[in-house]
Each structure stands twice: as C-alpha cells, then as structure tokens.
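So the chains spell out like this:
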Amino acid sequence: MVVVDGEPLGMQDLVATDFCDFGSVTTFSWLDRDARGRGLGKEMRQAVLHLAFDGFGARAATSGAFVDNHASNRVSEALGYQRNGSDWATRRGEAAELQRWRLTRERWSERRREDIDLVGVAECRPVLGLAAPDDH
Ligand SMILES: CC(C)(COP(=O)(O)OP(=O)(O)OC[C@H]1O[C@@H](n2cnc3c(N)ncnc32)[C@H](O)[C@@H]1OP(=O)(O)O)[C@@H](O)C(=O)NCCC(=O)NCCS
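Computed from a predicted model, the values in this text were never measured in an experiment. (Residues numbered from 1 in each chain as written. Predicted model: local features only at pLDDT ≥ 70, side-chain atom pairs only at ≥ 80, totals over all residues. Heavy atoms only, no water.)

### Overview of the sheet that holds strand β6 (residues 94-104)
Line of reasoning, step 1. Taken in spatial order, the six strands make up an open sheet running β1-β2-β3-β4-β6-β5, and their pairing is mixed. Lying at the two open borders of the sheet, with one neighbouring strand each, are β1 (2-4) and β5 (82-91). Pairs of neighbouring strands in the sheet enclose a mean axial angle of 30°, with direction left out of account.
Line of reasoning, step 2. Summarising the sheet, strand β4 (residues 60-66) and β6 pair through seven bridges and their orientation is antiparallel. Counterpart to Ser-63 in the pairing with β6 is Trp-101.
Line of reasoning, step 3. The strands touched by helix α2 (residues 40-55) are β1, β2 (7-15), β3 (24-31), β4 and β6; relative to β3, the strand with the most contacts, the crossing angle is about 155°. (Pairing = 2+ DSSP bridges. Helix = DSSP H or I, 4+ residues; strand = E, 2+ residues; numbered from the N terminus. Axes fitted to C-alpha atoms, helices over the stretch in contact; angles between N-to-C directions. Contact = heavy atoms within 4.5 Å.)

### A look at the pairing of β2
Line of reasoning, step 1. Here β1 runs beside β2; their pairing, made up of three bridges, is antiparallel. Residue pairing for β2: Val-3 is matched across the bridge by Pro-8.
Line of reasoning, step 2. Linkage of β1 to β2, two consecutive antiparallel strands, is achieved through a turn of two residues, within which Asp-5 is found at a positive phi near 50°.
Line of reasoning, step 3. Of the pairings in the sheet, the one linking β2 to β3 comprises six bridges and is antiparallel in character. The residue of β3 that forms the bridge with Leu-14 is Thr-27.

Okay, structure coming up:
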C-alpha cells in the first residue's frame with residue numbers, strides 16, 4: 001500500500017512466478033487520480049525495486065504498460081529499465097499494444113538509493129518460501 005502522511009493513496013504490487021528458479025519479479029502500480037503526476041509513481045516503484053533486489057535478491061524486474069500510458073512508461077525509462085519488446089492485451093474490449101520493460105540487477109545497482117529502509121524482510125522470507133538470509 002502507498003501511504004502518504006497517513007493517507008492511503010495507491011497500490012504497488014510485486015509479483016513473481018517460480019522466483020527461486022528465475023529470480024524475476026513484475027510490478028504493477030496504481031495511484032489515486034488526484035495523487036498522480038507529482039513524483040509518487042517513481043518513488044513507489046523505487047521502493048518496491050529496493051525490496052525486490054535488496055530484500056529478496058531478485059535478478060531482474062519487468063514491467064509493462066500500454067504504449068500510450070506515458071506516465072507508466074516514463075517511470076520505467078527513468079529508473080533504468082530497457083525496452084524488452086511489445087505485446088498485446090485487451091483494453092475495454094479492444095486489442096491494444098503493450099510496451100514491455102526489463103531492469104537487470106546490474107542496472108538497478110548503478111542507480112540504487114541509499115535512503116530506503118526495509119522493515120521485516122527477514123521475517124517475510126520463509127513465509128514466501130525463500131531461504132533465510134543466512135542460507136541465501
Ligand atoms: C503509472 C502511475 C503509477 C505513475 O505515477 P505518477 O505519480 O503519475 O508518475 P510520476 O509523477 O512519478 O512521473 C513519472 C514520470 O512520468 C512523467 N509523467 C507523469 N505523468 C505524465 C503524463 N500524463 N504524460 C507524460 N509524462 C508523464 C513525469 O514527468 C515523470 O517523468 P520524469 O522522470 O522525466 O520527470 C500513475 O500515473 C497511475 O497510477 N496511473 C494509472 C494506473 C496505471 O496506468 N498503472 C500502470 C500500469 S501497471
């Protein structure tokens with residue numbers, strides 16, 4: 001959940017399939033309409049990337065957005081993701097083109113922030129089927 005000054009304003013999902021085998025995560029972002037366009041989109045993506053790479057040891061993160069979703073595509077581009085092909089999905093019943101993005105661990109490391117605190121990650125790891133930090 002994205003909370004600003006005690007107010008819930010959005011969601012930042014972090015999803016993975018067979019994470020232990022592939023080390024890849026995907027993110028989905030949503031902000032209340034009134035909260036968009038003031039930098040929160042980048043901020044929340046950086047936070048969840050920190051959790052994925054630093055907290056869970058991810059090797060890559062992917063994202064995708066319809067080609068005309070400039071805010072979402074710009075967040076990915078600004079954070080160092082590279083274009084990773086395109087895809088199709090339905091939007092309001094019509095086929096629409098998706099831009100796919102991929103951020104490697106190396107590129108994230110070059111841009112990583114030092115002002116993000118992770119809390120409770122060690123306790124979460126076994127619940128998610130991940131090895132405890134000492135075994136990792
Ligand atoms: C996608 C979303 C999370 C982005 O968050 P945001 O707070 O609006 O974005 P930010 O303010 O952090 O802006 C990020 C970048 O996009 C640019 N941007 C923001 N809105 C834009 C717009 N409407 N058109 C063009 N660029 C835009 C900003 O200038 C910034 O670029 P910069 O780094 O060059 O300055 C938000 O817009 C949203 O919730 N949209 C609806 C849900 C959605 O589409 N989710 C993505 C699909 S999973």
